[in-house]
Each structure stands twice: as C-alpha cells, then as structure tokens.
Amino acid sequence: MASQESIIAPPEPKTTSQEPKTASQESKLATEESNLTSQEPKMISQESKSASQEPNTPSQEPETTASSNLPSKYSDRVVLKTILEPSDGRGRLAGERVVVGGWVKSSKQGNKEAAVPEPQKQTTEASNVSPRHKDVSCVEIFQSRIPIFRSIAKIFGGGGSSHPVREKLEPAIPGPPPPSVAYLLVSDGSCVASLRVVVDASVAPLSQLLPIGTCLLVEGVLEKPSMQEKYSTELKAERILHIGTVGQDQYPLSKKRLPFETLRDCSHFRPRTTTVASVTRIRSALTFATHTFFHDKGFLDVHVPIITTTDGEGVSEKFQVTTVFGKDARQKDSGGVTLEVIKDAVIQKTNLVEELKRSESNREALDSAVMDLRKTNQLASQLEAKEKRTNQLRTFFYGDFFSQQTYLSVSGLLHLESYACALGNVFSFGPRFRADRKESAERVAEMWMVEVQMAFSQLEDAMNCADEYFKFLCKWVVENCSEDMNFMSKRVDKSRSSRLASMVSSSIEKISYMEALEKVADIFGIKQEWGIALTPEHLSYLAEAVYNNPVIIYNYPKEHKPFYVRLNDDGKTAAAFDLVVPKTGTIISGSQSEERIEMLDARIEELHLPREQYDWYLDLRKHGTVEHSGFSLGFDLMVLFTTGLPDVRDVIPFPRSYLKANN
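Read on for an overview of the structure.

Criteria and cut-off values
- Residues numbered from 1 in each chain as written.
- Predicted model: local features only at pLDDT ≥ 70, side-chain atom pairs only at ≥ 80, totals over all residues.
- Heavy atoms only, no water.
- Axes fitted to C-alpha atoms, helices over the stretch in contact; angles between N-to-C directions.
- Helix = DSSP H or I, 4+ residues; strand = E, 2+ residues; numbered from the N terminus.
- Parallel < 35°, antiparallel > 145°, perpendicular 65-115°, else oblique.
- Left-handed = near helix turned anticlockwise from the far one by under 90°.
- Contact = heavy atoms within 4.5 Å.
- Nonpolar A, V, L, I, M, F, W, Y, C, P; charged D, E, K, R; others polar.
- Buried < 20%, exposed > 50% of the residue type's maximum accessible area, 1.4 Å probe, protein only.
- Arc of directions from axis to C-beta.
- Polar contact = N/O pair within 3.5 Å; in protein donor to acceptor, adjacent residues only side chain to side chain.
- Pairing = 2+ DSSP bridges.

This part takes up the packing of helix α8 (residues 274-296) against helix α12 (residues 459-480). Taken N-terminus to C-terminus, the directions of α8 and α12 make an angle of 135°; their axes are 9 Å apart at the nearest point. Our classification of the angle between α8 and α12 gives oblique. The crossing of α8 and α12 is right-handed. Between α8, through I282, A285, L286, F288, A289, T290, T292, F293 and F294, and α12, the contact on the second element is made entirely by C465, E468, Y469, F472, L473, W476 and V477. For the contact of α8 with α12, the per-class residue count stands at 13 nonpolar, 2 polar and 1 charged.

Right under this line is the structure:
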C-alpha cells in the first residue's frame, strides 16, 4: 500500500480519498490519478488563490489546462459561451472549478436521489481501496445489499465478537428525507444556450434562487449529468457568491412567452429574453462587420453632427431643438418693444395727424406729428422685415441656446460630402431622426444609418460598393452568428438562415425606373406613366416574385429624389438608386451628388428651399468641386432583414415612435 501511495500522493497528505480534495475554500481540485479506482475526478488547482500558503513541492502529475478555460478579463466570472460553445470545439472538462454568473431563465425544485452503492471490486483491486475506509465483513456486505441476508444474520448471530453485528441489527429508525435541490437554467447573454446549475438546499435558501430573473454568481464544479441527456454539462454549486432577488409580483417576464408588443413596454428588461438577446448579438456583429468592411477598404470614419441648421433632404419632417418653451418666452430683440405695440402706435399717431390736419390750428404740431409717424412707420417696417426673416430661418426664443433654428439631423450625407471632398472615401454611422407620425413597421422616429461618400466616383461606383457591402454583411453573419441564426430560424423564420446564405452568392439585378414600372403595371393595375411613384408593395413584388433576389432600381424621376441628386442629361431623371431586398423592401438608397453649382442652385430655387441654409453646401461647388457619390444603409432595416422579425421596433434596443418614449 505504501508503494501505491507514493505514486498517487499529492504534495501534502499521505492518504487518498474518493472525494475531491481542496487546500482551502477557494483552491482548485487535483486531477484524477490514472491508476486510482475512485469514480470522482481529482483536479489540481490552476489558479489557486492560496497557492502562496502551499509548499512549493512539484506535483508528480501535470496540471490540466485549456485555452477556453480563461475567465472574463475584468472579472473572475467565466463567460458561459466558453463552456457551452467553446471556440476550440472541445469545451470544458468535467471536474473543473469555475465561477459563473447570470440570470435564472427557468427553475424547478426536486429531491436529491440516493446514491446507489458501487459493487465490490475484485480481490485483485483490493489494494487500491482508500485506507480511510475501514475493513468490513461479508455479513455487513450482505446486510447492505440483500435484505434476506439481514434476516439470516439475525437468526444465526452474526459469527463472532470481532464483528458487532447485533449492534447493527437493532430496529432502524427512519432517517430524514434526502435534502432538496434546485435545478436552475442560467444565462449570461453570451450565447443562446443556458447552463444548468444544481444547488443543494445546504448551500443556499432555495426559495431565493427559484424566481425567474434572479441574478446569481455561483462557484462550483462542472459535471456531466448522470440522468439528464438534454444538457451535456451542468454545474454543481458549492458556494453562492451573490443573489439578486426578484420582486415576483412586479417582474414583467415569466416562463410564458410574451408577445413582442408587450415586451416593447418594458424595453429595459426584454434583453433577458432569448430572442432579443440573439437579435442584440446579431446587431453587434453587423456593427463590427460594418467597421471592418470600410476599414479594410480604406474609408475614414467621420462623426457628423446630430444637431444641425440644415434640412438634409429639403422637405423632411424635422425635430426642432430648443431649450425654452411656450409663448411667454417669445420675445423680440427690439428693446422690449414688440411689433404689435409699434403697429398700435402707428394707428394712434395716424389718427393724431388726421385730427391736426382737420383743425389746421397748429402747423408746428402737425409737422412734428407727421415726422413722428414717419419714424414709427420706419420702425414698424424694420421689425416686420426682421420678423419675416426670423420666420423663414428661425423661431427666436429669448435665452435660447442657439442663435438660429436648429434640428435633429435627418441625414448626415451633406456634412459627409465636405469630408469626402477633402479626404476621399469616408463613412459615418449614427442615429438620424424624423418626426413622422405615421405608424409603420419599417420606420420609427430614431433610426441608425450607415452613410457613405466617395470622391471621384459616379453612380455606378456607388451601386457596386453598396452591392459588395450588403453581401459582406450577410456573409459575416452566416460565418460568425451560426447559433443565433439557427435559433432565429427555429423561432421566427425557418428559411432565414438559408435566405441569408443565398444572398452571398446571388447576382443583384439592375433595372431602370421605367423597366420596374412596366413589370408592376399590369399586376397592380396602374398606368405606365412617367412620374408614378413605386410603392413599397411594388418594390417588394419585384424582389420577391419577379427576381426572388435583391434588385437595384436606378434613374428615378427627379421629383422623387432630394434636391442634391445629380440631374441626368435627359433633364428629367436623377442619378439615384434603391437596393430592394425580399421581405424587407428598400434597405439602401444612394445617388451621385450634383457637383455643378448652377444646376444645384436651380434645384434649390425650383423647390423653394431657403437658400440661406445651404450657403455652406454651395461653397463646396464654388471651391474645388468634384464628382462624388454615396449611399445610406438603414442599419435597423438590415438587422430586420437578417433576423426575419416583422417590426423594426423589435430590433432596436430602445425604439422611439409617435407617442412612445418610455425611458
């Protein structure tokens, strides 16, 4: 036996045990010895916090390590994805001690099953039995396994004083029932799957752990479930380091699936649902893919302003920015004298002049009244002209932050042009705002846009870039979000993953506006007349029924596109395009910008836009103008297309729509 111990002994103790041995409450388990008959793994500490207190005796067995076993960089917590979806494909080993944290997704309470005694090993393995277990007689073995032998032992007396059998044959008192355990499915949002955590009642009060939404930080040992085959790994909890309790009466989430409409009213909790968590991870991947694509293509990231004095499209519904409100705050910067007061004074002084004219008694008083009336009329004319300019450009509030009317940006393309005309190829990624009160599944008040501008490029270049960028996003999600896409395919749209994969290799058709109109005219019963708008239904029909692929429609009537789009040589079409995808509609809109100042000036005048707003924009054409083109991708719409969800409000973390801004 001594020779056996010399082979398997760890640095300190001289005896072995079937139970995992720890140096302290925070140390790791030693790895299982290859020639030990114990059924429990025995691990050596990988990151023992008490290592400095242990003798520096070299272990005779190598430590078990794995690249996927690293904890979170900024916490001792191990991210569940490294356990359930390891990048190296082999996962964590049974017997590893880890600390995990997350929120309870589901729970149940049960009783611990009594352990079934192992059959006695053959006599050739007897020397491997741990010395901690005392020798037993054959009678005791029979007593523990076959009840009939217990009766025989009572009759025949047990056979000798060295084996106190009669003492064990006293009537047995029923013991307490097996302790309760809680089976918890815990998720930390890093992946689709959840980890099953088994907590004994002796570790923590189970009533605090069971409610859905409870936050836990647990230390324990990973094991392979003995009875459950649904879960490949489970955590046997040894310590509960943190419990974030839940008010069950007020917590909006439950075991039942809630409709998306209900979840929108509690947007601060809905990331805890599996669907919204998957959408968020896909959205994050698309964000990273966007920056990767343009960085690899040599584009510069430019941050354009959110507050602007310019209407980016000329005729859009805008949010006005101000720091004061109400009519009481409205003042005129004329020494406290308003236009209404001056007009009343003009009426009074006009009556006085008329009265003096009729009396003809005081010529000097009349001349003085006429002079006073003339000055008052001049002041009134000045104030009236100033108010007219003010109404055109700004609504001035006394004490307001800006000196002129400002808005939340509808589009950053105009500002982005100024950097493209200096740096070449640039892009921007940020929120854009529209005060549109119409209910729509594709539009809300605040949406994120990816905007691109390229100097020395034409319409065809912008279309090619948009095509390549769109396919790059689809490929990125297919290659990097397989688990989330599999879940979305099961839960939302069965064909979503295959649809996304087909986009990568698809050939995007390019048709003109007139060709598109011809293809939908008969189906929708509309006339093939120039200028008829293509509705979202028309565009969806082209992408889904006609081509069953993305389609680019270009050369729209100039009336359908913003003022800054370049006018084609025919004088009636604009150099613009839309990329339409199945099930979602228009996801990218682009154009070649008008670089000719006289043409741009004429369009501003034609649309009766306030020229003062665009003086800085026209300066780009006066000084070093260049051909340039670009496009905008509705990022939220791209997430909508990727996930297959029907409403854009379900892919935006905190959606803002008409009368809806809850937090």
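Looking now at helix α14 (residues 496-505). Within the span of α14, buried status applies to R496, R499, L500 and M503. An end-on view of α14 places all buried positions within 95° of arc, on one side of the element. Of the surrounding elements, those touching the buried residues of α14 are α12, α13 (482-491) and α19 (635-643).

Here we take up the side chain of Q405. Positionally, Q405 belongs in the loop between α10 (363-393) and β9 (406-408). Using a relative accessible area of 13% as the deciding quantity, one classes Q405 as buried. At a separation of 3.0 Å, a polar atom in the side chain of Q405 contacts the side chain of Q320.

Contact pair α8 / α13: the axes reach a minimum separation of 10 Å and the direction vectors enclose 135°. With respect to their mutual orientation, α8 and α13 come out oblique. Note that α8 runs across α13; the crossing there is left-handed. Residues T274, T275, S278, V279, R281 and I282 of α8 lie in contact with α13, whose contacting residues are D484, M485, F487, M488 and R491. Grouping the constituent residues of the contact of α8 with α13 by class yields 5 nonpolar, 3 polar and 3 charged.

Attention shifts here to the environment of V551. Mapping V551 onto the fold places it in strand β13 (residues 551-557). Separated by 43 residues in the primary sequence, V551 and I508 place their C-alpha atoms 5.3 Å from one another. V551 has contacts with I508, E509, I511, L542, A543, D578, L579 and V580, leaving out every residue within four places of it along the chain.

Here we come to the pairing of strand β1 (residues 97-111). With 7 bridges connecting them, β1 and strand β4 (residues 215-223) associate as antiparallel partners. Looking at β4, one finds that G101 is bridged to L217. Sheet topology places β1 next to strand β2 (residues 180-187); 8 bridges connect them, and they run antiparallel. Residue pairing in the sheet places K108 in a bridge with Y183 of β2.

Of all 9 residues that make up strand β10 (residues 425-433), 8 are buried, and the element is covered over most of its length. Both strand β6 (residues 300-301) and β10 contribute to a ladder of 2 bridges, which runs parallel. By the bridge assignment for β10, L300 is matched with V426. Here β10 pairs with strand β11 (residues 446-455) via 9 bridges, running antiparallel. By the bridge assignment, S428 is partnered in β11 with E451.

Let us now look at unusual backbone geometry. Notably, F456 is not glycine yet its phi reads approximately 60°, a positive angle. Among the structural elements, F456 can be located in the loop between β11 and α12. Residue F456 is classed as exposed on the basis of its relative accessible area of 70%. Look at K583: it is not a glycine, yet its phi comes out positive at around 75°. Note that K583 resides in the loop between β14 (573-581) and β15 (585-592). Take K583: its relative accessible area is 58%, and that puts it in the exposed class.

What follows covers the sheet that holds β1. Pairing within the closed barrel is mixed, and its 5 strands lie in the order β1-β2-β3-β5-β4. Neighbouring strand axes in the sheet, compared pairwise and without regard to direction, differ in orientation by 55° on average. As defined by bridge partners, β4 adjoins strand β5 (residues 234-244) across 9 bridges and the pair is classed as antiparallel. Looking at β5, one finds that L216 is bridged to I243.

Purely spatial values, then, with no claim about function.
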